[in-house]
Amino acid sequence: MAKRVFIKTYGCQMNVYDSARMADVLAPLGFVAADDAADADMVVLNTCHIREKAAEKIYSELGRLRRLKEERRRAGVEFLIAVAGCVAQAEGEEMLRRAPFVDIVCGPQAYHRLPALVARARATPGQGVVDTDFPADSKFDFLPESHAPQGVAAFLSVQEGCDKFCTFCVVPYTRGAEASRPVVAVIDEARRMVARGAREITLLGQNVNAYRGEGPDGSRWGLGRLIGGLAEIDGLLRLRYTTSHPRDMDDDLIAAHRNVAALMPFLHLPVQSGSDTVLERMNRRHAADDYRRLVDRLRAARPDLALSSDFIVGFPGESDADFDATLRLVADIGYAQAFSFKYSPRPGTPAAEMAAQVPEQVKAERLARLQSLLRGQQDDFNRACVGRVMPILFDRPGRRAGQSLGRSPFLQPVHVDDPTIELGDLRPVRIRAAQPNSLAGTVVSAAVVAERVPA
Ligand code: 5AD
Ligand code: SF4
């Protein structure tokens, strides 16, 4: 009888991709997907460590799974608990000490070895196995081809790890050094995704624009060139990439925003702070004005480019003047959307040891001010879309019958009531209304747009 695995994903899109690949890796062992831990034989928590309390949340989730496991054991049924992702990487053996009922602890670079880990866990019940190595060979070489159903909007990992060592960030420690997949491997996987129904692909990497993949000719390709290659795939209507570092935005990639129609005019380009002193202590290796100039160049290449960013408030030593500089930067750039966080000390990172940690209340006040500015910008951006006709790629059924949900070029969710829409359609839609986090519109032409529609 088929076994059932429930994979619960926390955190970023990279983890969403990794979870799908873990499902592929476990499929040959007879595992099919379960919707819930309660009707699974194995549970994988694919964890995120980026902000505070991540590990504590996982331990309390594990407490619930422990009770489930005990019930199963009493009934004589197998129940495996695996923890994967960045908390697994960061905790390693410690996880088995705190939660000895966990069967497998598997870092993000080791999940292609899950079948062996499952075998070892079964052979030594109650012992727990840990694999948090950073193997010399890429896990991608060992992952099976995916045959799972593919949604209209797909994610594809092209790069992993980060060499930037921003002083607040755990990623260089949990995901390891930067590594890029070879061009041919990426293009082949993208083709297969399109053959299985993908119409949009988001290229993923912790620092995706640091991509330097080996090309078919042995030379190194940057992300701009890779995007040019992917844009040739028939049936692939849209490309996006995330997350980028301002320092790795090279001329080729900027040119891709000008030249590649399939590359959508929406870019998540985290700046974290608008203060040069804070940027320096964050080890971001650029000044606020460098970022302004970069955005100017991007907008010269693609005038309708909409921007998104990440911000951290209350980084150690951040003064009122530093924070004001962040507000000024936000006012200058004008964001369509953004994420902002209170600084949270991550053990083992340099900033956690810095003096002048900012009091919680100051962080909260700054976050509220920044978020209200960003909220206003997002509302303005959404309202400015009302009355425009935009190509919408429909990727999900809506909540009501006859309703479909799609994405604008700027990644805004768009609701349309129209029973003739099929998933995968790219249709011109007139935007009628803007809500805080989504738009609503009407299809203006019944014709399904089969060819590329420039945004
Ligand atoms: N505290 C607060 N925010 C953080 N981020 C990363 N590390 C921290 C931290 N220690 C935020 C950054 C990053 C996003 C993914 O998470 O803004 O861009
Ligand atoms: Fe973390 Fe900085 Fe690397 Fe982004 S660029 S993953 S914030 S170290």
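Everything in this summary refers to the structure shown in the same document. (Residues numbered from 1 in each chain as written. Chains lettered and ligands numbered in written order. Predicted model: local features only at pLDDT ≥ 70, side-chain atom pairs only at ≥ 80, totals over all residues. Heavy atoms only, no water.)

Focus on the sheet that holds strand 10 (residues 200–204)
The following threshold applies: Strand pairing is assigned whenever DSSP detects at least two bridges linking the two strands. Runs of H or I in DSSP of at least four residues are treated as helices and runs of E of at least two as strands, each being numbered from the N terminus. Axis definition: a line fitted to C-alpha atoms, limited for helices to the stretch in contact. Angles are taken between N-to-C directions and run from 0 to 180 degrees. What makes two residues a contact is simply this: any of their non-hydrogen atoms within 4.5 Å.
Sheet architecture is open: 3 strands sit in the order 7-10-13, paired in parallel fashion. The open sheet is flanked by strand 7 (153–157) and strand 13 (238–242), the only strands paired with a single partner. Along the sheet, successive strands turn relative to each other by an average axial angle of 25 degrees, direction set aside. Sheet strands touched by helix 1 (residues 13–26): strand 7, strand 10 and strand 13. Its angle to strand 7, the strand with the most contacts, is close to 90 degrees. Packing against the sheet, helix 7 (residues 183–195) makes contact with strand 7 and strand 10, and its axis sits at approximately 160 degrees to strand 7.

Considering the packing of aromatic side chains
Under the convention used in this document: Ring pairs shown here join Phe, Tyr and Trp side chains whose ring centres sit within 6.5 Å, with only the six-membered ring taken for Trp; geometry is labelled stacked below 30 degrees between planes, edge-to-face above 60, and tilted in between. Both a distance and an angle decide whether a charge sits over a ring: NZ of Lys or CZ of Arg must be within 6 Å of the ring centre and within 35 degrees of the ring normal.
In this structure the tally under the stated criterion is 5 aromatic pairs. Each ring, one from Phe311 and one from Tyr335, has its centre 5.5 Å from the other, and the planes form 85 degrees; the classification is edge-to-face. One end of the pair, Phe311, is in strand 15 (residues 306–313); the other, Tyr335, is in the loop between helix 12 (320–333) and strand 16 (337–342), and 24 residues separate them in sequence. Residues Phe381 and Phe410 carry aromatic rings whose centres are separated by 5.4 Å and whose planes lie at 90 degrees to one another, so their mutual orientation is edge-to-face. Within this pair, whereas Phe381 is found in helix 13 (residues 360–384), its partner Phe410 is found in the loop between strand 18 (403–407) and strand 19 (413–417), the two being separated by 29 residues in sequence. One residue, Arg98, lies across the ring of Tyr59, its end atom 3.8 Å from the ring centre.

Examining the sheet that holds strand 16
Paired through their backbone hydrogen bonds, the strands of a sheet run either parallel or antiparallel. With parallel pairing, the 3 strands of this open sheet are ordered in space as 14-15-16. Both edges of this open sheet fall to strand 14 (266–268) and strand 16, since each of them pairs with a single strand only. Looking at each pair of strands side by side, their axes are set apart by 10 degrees on average, direction ignored. Bridge analysis of strand 14 against strand 15 gives 3 bridges, and the strand direction is parallel. Bridge pairing in strand 15 places His268 opposite Ser308.

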